Amino acid sequence: EGEEIPSPMVGTFYRKPSPDAPVFVGVGDTVSEGQTLCIIEAMKVMNEIKAEKAGTICATVAEDGSPVQFGDVLFRIK
């Protein structure tokens, strides 16, 4: 259900900015265009992944701390 938000790069997926911080977004959260959804670490650079459209997060597909490939689904939004 919902539209897929794919990974724009290869790297490590993180749902929060630091281990003791809350997640950027969770299931049921309403997000606005340009809001940070997660971080993907690539070659020691932390890249913020931002929402391309407004909506409600209906699923978090990628697992925190796991490697992702270009095109892997990170979230679903509706």
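Scroll up to find the structure this text is about.
From a predicted model like this one, the values you see are computed outputs, not experimental measurements.

Caption draft 1: Molecular detail of the pairing of strand E5 (residues 45-50). Pairing of strand E4 (residues 36-42) with E5, which is carried by 6 bridges, proceeds in the antiparallel orientation. Each bridged residue has a counterpart across the sheet, and for Cys38 the counterpart in E5 is Ile49. As consecutive antiparallel partners, E4 and E5 are separated by 2 residues, and within that stretch Met43 has a phi angle of approximately 55 degrees, a positive value.

Caption draft 2: Expanded view of the side chain of Thr36. Within the secondary structure, Thr36 sits in strand E4. On the basis of relative accessible area, Thr36 is assigned to the buried category, the value being 14%. Looking at Thr36, its side chain comes within polar contact range of the side chain of Glu48, at 3.2 Å. At a separation of 3.1 Å, a polar atom in the side chain of Thr36 contacts the side chain of Lys50. Every residue in contact with Thr36, bar those within four places of it in the chain, is listed here: Phe24, Val25, Glu48, Ile49 and Lys50.

Caption draft 3: Just the sheet that holds E5, in detail. The sheet built from 4 strands is open, its strands ordered E5-E4-E2-E7 with antiparallel pairing. What marks the edges here is a single partner per strand, and that holds for E5 and strand E7 (67-68). Where strand E2 (residues 11-14) meets E7, 2 bridges bridge the pair, whose relative direction is antiparallel. Its bridge partner lying in E7, Thr12 is registered against Pro67.

Criteria and cut-off values
- Residues numbered from 1 in each chain as written.
- Predicted model: local features only at pLDDT ≥ 70, side-chain atom pairs only at ≥ 80, totals over all residues.
- Heavy atoms only, no water.
- Pairing = 2+ DSSP bridges.
- Helix = DSSP H or I, 4+ residues; strand = E, 2+ residues; numbered from the N terminus.
- Buried < 20%, exposed > 50% of the residue type's maximum accessible area, 1.4 Å probe, protein only.
- Polar contact = N/O pair within 3.5 Å; in protein donor to acceptor, adjacent residues only side chain to side chain.
- Contact = heavy atoms within 4.5 Å.

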